[in-house]
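What follows is the residue order along each chain.
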Amino acid sequence: MELITSNKVVGGWHKRYRHTSTTTQCDMTFAIFLPEAANHGKKVPVLYWLSGLTCTDENFMQKAGAFKTANELGIAIVTSDTSPRGESVADDPAANYDFGLGAGFYLNAIMPPFDKHYHMYDYVVSELPQLIKAHFPVTEQQAISGHSMGGHGALTIGLRNSDVYSSISAFSPIVHPQQCPWGVKAFTGYLGIDTSIWQQYDATALLSQQQFKQPIPILIDQGDADSFLEEQLQPWHLQKVAENINYPLTLNMREGYDHSYFFISSFIDEHLHFHAKHFS
Ligand SMILES: N[C@@H](CCC(=O)N[C@@H](CS)C(=O)NCC(=O)O)C(=O)O
(Lines give C-alpha, C1' and ligand atoms only; values in the text may rest on other atoms or scores of the structure.)
Protein backbone atom coordinates (compact mmCIF):
# COMPACT_ATOMS: atom_id res chain seq x y z
CA MET A 1 0.00 0.00 0.00
CA GLU A 2 1.45 3.35 -1.04
CA LEU A 3 0.62 6.60 0.75
CA ILE A 4 -0.23 9.31 -1.81
CA THR A 5 -1.09 12.28 0.42
CA SER A 6 -1.50 12.93 4.12
CA ASN A 7 -3.17 16.04 5.59
CA LYS A 8 -4.05 16.90 9.15
CA VAL A 9 -7.66 18.09 9.41
CA VAL A 10 -9.79 19.01 12.48
CA GLY A 11 -7.22 17.24 14.67
CA GLY A 12 -7.48 13.98 12.72
CA TRP A 13 -5.97 12.89 9.41
CA HIS A 14 -7.03 12.57 5.79
CA LYS A 15 -4.89 10.12 3.84
CA ARG A 16 -5.03 8.79 0.28
CA TYR A 17 -3.54 5.44 -0.67
CA ARG A 18 -2.88 3.41 -3.80
CA HIS A 19 -2.77 -0.38 -3.72
CA THR A 20 -2.83 -3.26 -6.17
CA SER A 21 -6.21 -4.92 -5.92
CA THR A 22 -6.53 -8.64 -6.42
CA THR A 23 -10.29 -8.19 -6.87
CA THR A 24 -10.24 -5.61 -9.67
CA GLN A 25 -6.83 -6.70 -11.04
CA CYS A 26 -5.53 -3.13 -11.18
CA ASP A 27 -4.25 -0.36 -8.95
CA MET A 28 -6.99 1.25 -6.87
CA THR A 29 -6.99 4.43 -4.81
CA PHE A 30 -9.00 5.05 -1.67
CA ALA A 31 -9.06 7.71 1.03
CA ILE A 32 -9.55 7.49 4.78
CA PHE A 33 -10.43 10.13 7.33
CA LEU A 34 -9.25 9.12 10.78
CA PRO A 35 -10.67 11.17 13.66
CA GLU A 36 -8.47 12.57 16.40
CA ALA A 37 -9.57 9.73 18.68
CA ALA A 38 -7.60 7.33 16.45
CA ASN A 39 -4.33 9.31 16.67
CA HIS A 40 -3.09 7.19 19.54
CA GLY A 41 -4.38 3.88 18.23
CA LYS A 42 -7.87 3.95 19.76
CA LYS A 43 -10.15 1.87 17.56
CA VAL A 44 -13.05 3.67 15.91
CA PRO A 45 -16.04 2.55 13.81
CA VAL A 46 -15.99 3.11 10.05
CA LEU A 47 -18.46 4.64 7.60
CA TYR A 48 -17.87 3.54 4.00
CA TRP A 49 -18.88 6.14 1.42
CA LEU A 50 -19.62 5.26 -2.21
CA SER A 51 -19.68 8.13 -4.68
CA GLY A 52 -21.67 8.67 -7.85
CA LEU A 53 -21.00 8.79 -11.58
CA THR A 54 -17.74 10.49 -12.64
CA CYS A 55 -16.36 10.57 -9.07
CA THR A 56 -13.20 9.26 -7.40
CA ASP A 57 -12.32 8.92 -3.73
CA GLU A 58 -11.81 12.70 -3.66
CA ASN A 59 -15.23 14.26 -4.31
CA PHE A 60 -16.74 13.43 -0.94
CA MET A 61 -13.62 14.26 1.03
CA GLN A 62 -13.25 17.67 -0.59
CA LYS A 63 -16.88 18.74 -0.83
CA ALA A 64 -19.08 17.05 1.79
CA GLY A 65 -17.84 18.95 4.85
CA ALA A 66 -18.04 15.84 7.00
CA PHE A 67 -14.79 16.06 8.97
CA LYS A 68 -15.81 18.14 12.02
CA THR A 69 -18.85 16.07 12.88
CA ALA A 70 -17.15 12.76 12.09
CA ASN A 71 -14.32 13.86 14.40
CA GLU A 72 -16.73 14.81 17.21
CA LEU A 73 -18.50 11.46 16.86
CA GLY A 74 -15.22 9.53 16.57
CA ILE A 75 -16.06 7.95 13.21
CA ALA A 76 -13.57 7.07 10.46
CA ILE A 77 -14.74 7.54 6.86
CA VAL A 78 -13.42 5.53 3.92
CA THR A 79 -14.11 6.60 0.34
CA SER A 80 -13.67 4.14 -2.49
CA ASP A 81 -13.15 4.87 -6.17
CA THR A 82 -16.18 4.31 -8.42
CA SER A 83 -14.60 1.87 -10.90
CA PRO A 84 -11.38 0.08 -11.72
CA ARG A 85 -8.96 2.28 -13.68
CA GLY A 86 -5.86 2.02 -15.82
CA GLU A 87 -4.80 1.55 -19.41
CA SER A 88 -5.92 -2.08 -19.55
CA VAL A 89 -9.36 -1.36 -18.10
CA ALA A 90 -12.21 -1.39 -20.64
CA ASP A 91 -14.31 1.77 -20.93
CA ASP A 92 -17.61 2.68 -22.57
CA PRO A 93 -16.87 2.53 -26.32
CA ALA A 94 -18.60 5.92 -26.62
CA ALA A 95 -16.72 7.21 -23.54
CA ASN A 96 -19.96 8.44 -21.94
CA TYR A 97 -19.89 9.41 -18.27
CA ASP A 98 -22.54 6.88 -17.22
CA PHE A 99 -20.80 3.60 -18.11
CA GLY A 100 -17.27 2.25 -17.81
CA LEU A 101 -14.62 4.32 -16.07
CA GLY A 102 -16.11 6.24 -13.13
CA ALA A 103 -19.31 4.21 -13.43
CA GLY A 104 -18.68 0.74 -12.01
CA PHE A 105 -22.15 0.49 -10.40
CA TYR A 106 -20.75 -1.50 -7.44
CA LEU A 107 -21.46 -4.87 -9.08
CA ASN A 108 -19.44 -7.83 -10.35
CA ALA A 109 -19.55 -7.68 -14.15
CA ILE A 110 -19.93 -10.93 -16.05
CA MET A 111 -19.95 -9.61 -19.63
CA PRO A 112 -16.64 -9.38 -21.49
CA PRO A 113 -14.59 -7.24 -21.65
CA PHE A 114 -15.84 -5.75 -18.35
CA ASP A 115 -15.72 -9.03 -16.40
CA LYS A 116 -11.93 -8.77 -16.15
CA HIS A 117 -11.73 -5.71 -13.86
CA TYR A 118 -15.23 -4.50 -12.95
CA HIS A 119 -15.67 -6.29 -9.61
CA MET A 120 -16.58 -3.31 -7.47
CA TYR A 121 -19.12 -5.30 -5.41
CA ASP A 122 -16.47 -7.71 -4.13
CA TYR A 123 -13.97 -4.88 -3.75
CA VAL A 124 -16.25 -2.85 -1.48
CA VAL A 125 -17.69 -5.82 0.43
CA SER A 126 -14.46 -7.76 1.00
CA GLU A 127 -11.09 -6.45 -0.13
CA LEU A 128 -11.36 -2.83 0.98
CA PRO A 129 -12.66 -3.57 4.52
CA GLN A 130 -9.99 -6.26 4.96
CA LEU A 131 -7.32 -3.76 3.97
CA ILE A 132 -8.75 -1.11 6.30
CA LYS A 133 -8.91 -3.53 9.24
CA ALA A 134 -5.35 -4.69 8.61
CA HIS A 135 -3.81 -1.20 8.49
CA PHE A 136 -5.91 1.18 10.61
CA PRO A 137 -7.27 1.29 14.16
CA VAL A 138 -10.88 0.39 13.41
CA THR A 139 -13.47 -1.70 15.20
CA GLU A 140 -15.70 -4.29 13.56
CA GLN A 141 -18.51 -1.72 13.42
CA GLN A 142 -19.31 -0.60 9.90
CA ALA A 143 -21.96 1.49 8.20
CA ILE A 144 -22.39 2.36 4.54
CA SER A 145 -23.57 5.44 2.70
CA GLY A 146 -23.40 6.89 -0.78
CA HIS A 147 -24.68 9.27 -3.41
CA SER A 148 -26.64 8.55 -6.58
CA MET A 149 -24.93 5.51 -8.18
CA GLY A 150 -23.16 5.22 -4.82
CA GLY A 151 -26.52 5.38 -3.04
CA HIS A 152 -27.51 2.38 -5.15
CA GLY A 153 -24.25 0.72 -4.07
CA ALA A 154 -24.84 1.49 -0.39
CA LEU A 155 -28.42 0.19 -0.47
CA THR A 156 -27.66 -3.03 -2.34
CA ILE A 157 -24.41 -3.82 -0.52
CA GLY A 158 -25.89 -2.86 2.85
CA LEU A 159 -29.03 -4.97 2.39
CA ARG A 160 -27.15 -8.01 1.10
CA ASN A 161 -24.63 -7.78 3.93
CA SER A 162 -26.87 -6.55 6.72
CA ASP A 163 -24.96 -8.71 9.19
CA VAL A 164 -21.78 -6.61 8.79
CA TYR A 165 -23.24 -3.08 8.53
CA SER A 166 -25.27 -1.52 11.32
CA SER A 167 -27.02 1.10 9.19
CA ILE A 168 -27.39 2.34 5.60
CA SER A 169 -27.89 5.86 4.31
CA ALA A 170 -28.03 7.47 0.90
CA PHE A 171 -28.32 10.82 -0.80
CA SER A 172 -30.28 10.92 -4.06
CA PRO A 173 -29.86 7.16 -4.65
CA ILE A 174 -30.77 5.16 -7.74
CA VAL A 175 -33.23 2.84 -5.96
CA HIS A 176 -34.63 0.80 -8.85
CA PRO A 177 -31.86 0.57 -11.48
CA GLN A 178 -33.63 -2.01 -13.64
CA GLN A 179 -36.29 0.61 -14.32
CA CYS A 180 -34.21 3.69 -15.11
CA PRO A 181 -31.97 4.57 -18.09
CA TRP A 182 -28.68 4.71 -16.13
CA GLY A 183 -29.36 1.32 -14.56
CA VAL A 184 -30.62 -0.42 -17.69
CA LYS A 185 -27.58 0.74 -19.64
CA ALA A 186 -25.15 -0.36 -16.93
CA PHE A 187 -26.81 -3.69 -16.15
CA THR A 188 -27.10 -4.61 -19.83
CA GLY A 189 -23.44 -3.79 -20.42
CA TYR A 190 -22.05 -5.40 -17.27
CA LEU A 191 -24.51 -8.25 -16.67
CA GLY A 192 -26.14 -9.00 -20.03
CA ILE A 193 -29.80 -9.19 -20.95
CA ASP A 194 -30.91 -11.90 -18.50
CA THR A 195 -32.78 -9.69 -16.04
CA SER A 196 -32.97 -12.45 -13.42
CA ILE A 197 -29.28 -11.69 -12.74
CA TRP A 198 -30.09 -8.00 -12.29
CA GLN A 199 -32.29 -8.58 -9.22
CA GLN A 200 -29.38 -8.99 -6.80
CA TYR A 201 -28.23 -5.44 -7.66
CA ASP A 202 -31.62 -3.71 -7.45
CA ALA A 203 -32.47 -2.29 -4.01
CA THR A 204 -36.21 -2.24 -4.65
CA ALA A 205 -36.16 -5.89 -5.77
CA LEU A 206 -33.98 -6.92 -2.81
CA LEU A 207 -36.29 -5.20 -0.35
CA SER A 208 -39.49 -6.56 -1.87
CA GLN A 209 -38.01 -10.10 -1.85
CA GLN A 210 -36.81 -9.46 1.71
CA GLN A 211 -33.25 -10.37 0.71
CA PHE A 212 -31.65 -9.20 3.94
CA LYS A 213 -30.57 -10.99 7.11
CA GLN A 214 -31.62 -8.21 9.47
CA PRO A 215 -33.73 -5.09 8.89
CA ILE A 216 -30.98 -2.54 9.50
CA PRO A 217 -32.25 1.06 9.41
CA ILE A 218 -32.09 3.06 6.18
CA LEU A 219 -32.01 6.86 5.93
CA ILE A 220 -32.45 8.56 2.53
CA ASP A 221 -32.31 12.26 1.70
CA GLN A 222 -33.50 13.47 -1.69
CA GLY A 223 -33.72 17.00 -3.08
CA ASP A 224 -36.94 17.82 -4.90
CA ALA A 225 -35.10 20.12 -7.34
CA ASP A 226 -32.78 17.28 -8.42
CA SER A 227 -32.77 17.16 -12.23
CA PHE A 228 -32.38 13.35 -12.12
CA LEU A 229 -35.27 12.74 -9.71
CA GLU A 230 -38.10 11.81 -12.08
CA GLU A 231 -36.17 9.92 -14.75
CA GLN A 232 -33.41 8.15 -12.83
CA LEU A 233 -33.81 8.15 -9.05
CA GLN A 234 -37.51 7.64 -8.21
CA PRO A 235 -37.12 6.96 -4.46
CA TRP A 236 -40.85 6.35 -4.12
CA HIS A 237 -40.37 2.81 -5.50
CA LEU A 238 -38.25 1.85 -2.50
CA GLN A 239 -40.40 3.81 -0.06
CA LYS A 240 -43.54 1.97 -1.20
CA VAL A 241 -41.95 -1.46 -0.73
CA ALA A 242 -40.60 -0.43 2.69
CA GLU A 243 -44.10 0.62 3.75
CA ASN A 244 -45.57 -2.66 2.48
CA ILE A 245 -43.18 -4.79 4.53
CA ASN A 246 -42.92 -2.37 7.47
CA TYR A 247 -39.15 -1.87 6.91
CA PRO A 248 -37.38 0.86 8.96
CA LEU A 249 -36.72 3.33 6.12
CA THR A 250 -36.92 7.12 6.39
CA LEU A 251 -37.09 9.17 3.19
CA ASN A 252 -36.67 12.93 3.63
CA MET A 253 -37.68 15.00 0.62
CA ARG A 254 -35.78 18.29 0.80
CA GLU A 255 -37.33 21.31 -0.83
CA GLY A 256 -35.21 23.21 -3.35
CA TYR A 257 -32.09 21.03 -3.17
CA ASP A 258 -30.44 19.63 -6.31
CA HIS A 259 -28.16 16.64 -7.02
CA SER A 260 -24.89 18.27 -6.04
CA TYR A 261 -22.52 18.14 -3.09
CA PHE A 262 -24.11 21.45 -1.92
CA PHE A 263 -27.08 19.23 -1.00
CA ILE A 264 -24.93 16.50 0.57
CA SER A 265 -22.99 19.03 2.66
CA SER A 266 -26.30 20.43 3.96
CA PHE A 267 -27.42 17.14 5.50
CA ILE A 268 -24.27 15.05 5.98
CA ASP A 269 -24.22 15.84 9.72
CA GLU A 270 -27.64 14.25 10.13
CA HIS A 271 -26.41 11.13 8.37
CA LEU A 272 -23.30 10.93 10.56
CA HIS A 273 -25.42 11.25 13.71
CA PHE A 274 -27.78 8.56 12.33
CA HIS A 275 -24.90 6.13 11.81
CA ALA A 276 -23.31 7.00 15.19
CA LYS A 277 -26.60 6.20 16.92
CA HIS A 278 -26.57 2.71 15.42
CA PHE A 279 -22.93 1.93 16.24
CA SER A 280 -23.37 0.52 19.70
N1 LIG B 1 -24.00 15.68 -15.80
C2 LIG B 1 -23.04 15.23 -14.84
C3 LIG B 1 -23.53 13.92 -14.32
C4 LIG B 1 -22.63 13.37 -13.32
C5 LIG B 1 -23.00 13.75 -11.92
O6 LIG B 1 -23.90 14.55 -11.62
N7 LIG B 1 -22.26 13.15 -11.03
C8 LIG B 1 -22.55 13.30 -9.64
C9 LIG B 1 -22.86 11.93 -9.10
S10 LIG B 1 -24.18 11.17 -10.02
C11 LIG B 1 -21.35 13.87 -8.90
O12 LIG B 1 -21.19 13.64 -7.73
N13 LIG B 1 -20.48 14.59 -9.61
C14 LIG B 1 -19.22 15.04 -9.09
C15 LIG B 1 -19.24 16.20 -8.15
O16 LIG B 1 -20.26 16.91 -8.05
O17 LIG B 1 -18.21 16.42 -7.47
C18 LIG B 1 -21.68 15.10 -15.52
O19 LIG B 1 -21.65 14.91 -16.74
O20 LIG B 1 -20.64 15.19 -14.84
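Since we're looking at a predicted model, the values are computed, not measured. (Residues numbered from 1 in each chain as written. Predicted model: local features only at pLDDT ≥ 70, side-chain atom pairs only at ≥ 80, totals over all residues. Heavy atoms only, no water.)

K.L.:
Describe the UniProt feature "active site" (unreviewed entry) in the protein, listing the residues and the values that go with them.
P.N.:
In the UniProt entry, the feature "active site" (unreviewed entry) is given for Ser 148, Asp 226 and His 259. Despite a sequence span of 112 residues, these residues sit close together in the fold, their greatest C-alpha distance being 10.8 Å. Looking at the element boundaries, Ser 148 is found in the loop between β6 (138–147) and α4 (149–160). Contacts of Ser 148, omitting those with residues within four sequence positions, involve Gly 52, Phe 171, Ser 172, Pro 173, Ile 174, Trp 182, Leu 233 and His 259. Note that Asp 226 resides in the loop between β8 (218–223) and α8 (229–233). Among residues more than four places away in sequence, those in contact with Asp 226 are Ser 172, Leu 233, Tyr 257, Asp 258 and His 259. A distance of 2.8 Å separates a polar atom in the side chain of Asp 226 from the backbone nitrogen of Phe 228. (UniProt positions renumbered as here; feature names shortened; annotations may be inferred. Helix = DSSP H or I, 4+ residues; strand = E, 2+ residues; numbered from the N terminus. Contact = heavy atoms within 4.5 Å. Polar contact = N/O pair within 3.5 Å; in protein donor to acceptor, adjacent residues only side chain to side chain.)

K.L.:
Give me the lowdown on helix α3 (residues 120–135), citing residues and values where you can.
P.N.:
Along an α-helix, residues three or four positions apart point the same way, because every turn accommodates 3.6 residues. Of all the bends in α3, the largest measures some 30 degrees and sits at Glu 127, one to four residues before the proline Pro 129. Those residues of α3 that fall on the buried side of the exposure criterion are Met 120, Tyr 121, Tyr 123, Val 124, Val 125, Glu 127, Leu 128, Pro 129, Leu 131 and Ile 132. Where α3 is buried, its residues contact β2 (12–21), β3 (26–34), β4 (44–50), β5 (76–79), β6 and α4. (Bend = angle between axes of the 7 residues up to and from the residue. Buried < 20%, exposed > 50% of the residue type's maximum accessible area, 1.4 Å probe, protein only.)

K.L.:
Now, about the sheet that holds β2: what can you tell me, with residues and values included?
P.N.:
Within the open sheet, the nine strands sit side by side as β1-β2-β3-β5-β4-β6-β7-β8-β9. Their pairing is mixed. Edge positions in the open sheet fall to β1 (2–9) and β9 (249–254), since each of these has one partner strand only. Neighbour to neighbour, the strand axes of the sheet diverge by 20 degrees on average, direction disregarded. As paired strands, β4 and β5 are joined by four bridges and run parallel to one another. Looking at the pairing, Tyr 48 lines up with Val 78 of β5. Along the sheet face, α3 touches β2, β3, β4, β5 and β6 and points at about 55 degrees away from the line of β3. Strands in contact with helix α10 (residues 261–278) are β4, β5, β6, β7 (168–171), β8 and β9; relative to β7, the strand with the most contacts, it is inclined by about 170 degrees. (Pairing = 2+ DSSP bridges. Axes fitted to C-alpha atoms, helices over the stretch in contact; angles between N-to-C directions.)

K.L.:
Mind laying out the pairing of β6, listing which residues take part and the relevant values?
P.N.:
For β6, a buried count of seven out of 10 residues is recorded, marking the element as mostly surrounded by other parts of the structure. Note that β6 and β7 share four bridges and pair parallel. Considered in β7, the bridge of Ile 144 is made with Ile 168. Each parallel crossover has a hand, and the one from β6 via α4 to β7 is right-handed. (Right-handed = clockwise from strand over helix to strand, strands pointing away.)

K.L.:
How would you sum up unusual backbone geometry? Please name residues and give values.
P.N.:
Note: most peptide bonds trans; most residues except glycine with negative phi. Of the consecutive residues Pro 112 and Pro 113, the connecting peptide bond is found in the cis state with omega at 0 degrees. You can see Pro 113 is positioned in the loop between β5 and α3. For Gln 25, which is not glycine, the phi dihedral falls at a positive 60 degrees. The phi angle at Phe 105 is positive, at roughly 55 degrees, despite the residue not being glycine.

K.L.:
Report on the packing of aromatic side chains, specifying residues and quantitative values.
P.N.:
Tallied over the entire structure, the rule returns 19 aromatic pairs. Taking 5.5 Å as the distance between ring centres and 70 degrees as the angle between the ring planes, the aromatic pair formed by Tyr 17 and Phe 136 counts as edge-to-face. Separated by 119 residues along the polypeptide, Tyr 17 in strand β2 and Phe 136 in the loop between α3 and β6 bring together distant segments of the chain. Each of the two residues, Tyr 17 as well as Phe 136, counts as buried. Aromatic pair Phe 33 and Phe 67: ring centres 5.0 Å apart, planes at 40 degrees, arrangement tilted. Here the residue Phe 33 occupies a position in strand β3, and Phe 67 occupies one in helix α2 (residues 67–73), the gap between them amounting to 34 residues. (Phe/Tyr/Trp six-rings, centres within 6.5 Å; stacked < 30°, edge-to-face > 60°.)

K.L.:
Go over the state of the cysteines with me, naming the residues and quoting the values.
P.N.:
Tallied over the full model, the rule gives zero disulfides. No disulfide involves Cys 26; its nearest neighbouring cysteine sulfur is the one of Cys 55, lying 18 Å away. Residue Cys 180 stays outside any disulfide, its sulfur separated by 17 Å from that of Cys 55, the closest cysteine. Exposure remark for Cys 180: the relative accessible area of 2% places this residue in the buried category. (Disulfide = S-S within 2.5 Å.)

K.L.:
Would you mind going over the site of the ligand in detail, with residue names and values included?
P.N.:
The environment of the ligand is made up of Gly 52, Leu 53, Thr 54, Cys 55, Asn 59, Lys 63, Tyr 97, His 147, Ser 148, Phe 228, His 259 and Tyr 261. The side chain of Lys 63 places a nitrogen or oxygen atom 2.6 Å from an oxygen atom of the ligand. Contact with the protein chains hides 70% of the accessible area of the ligand, taken as 500 Å² for the molecule alone. Of the residues that constitute the shell around the ligand, the class distribution is five nonpolar, six polar and one charged. (Near = heavy atom within 4 Å. Areas by Shrake-Rupley, 256 points an atom, 1.4 Å probe, with all protein chains shown as cover. Nonpolar A, V, L, I, M, F, W, Y, C, P; charged D, E, K, R; others polar.)

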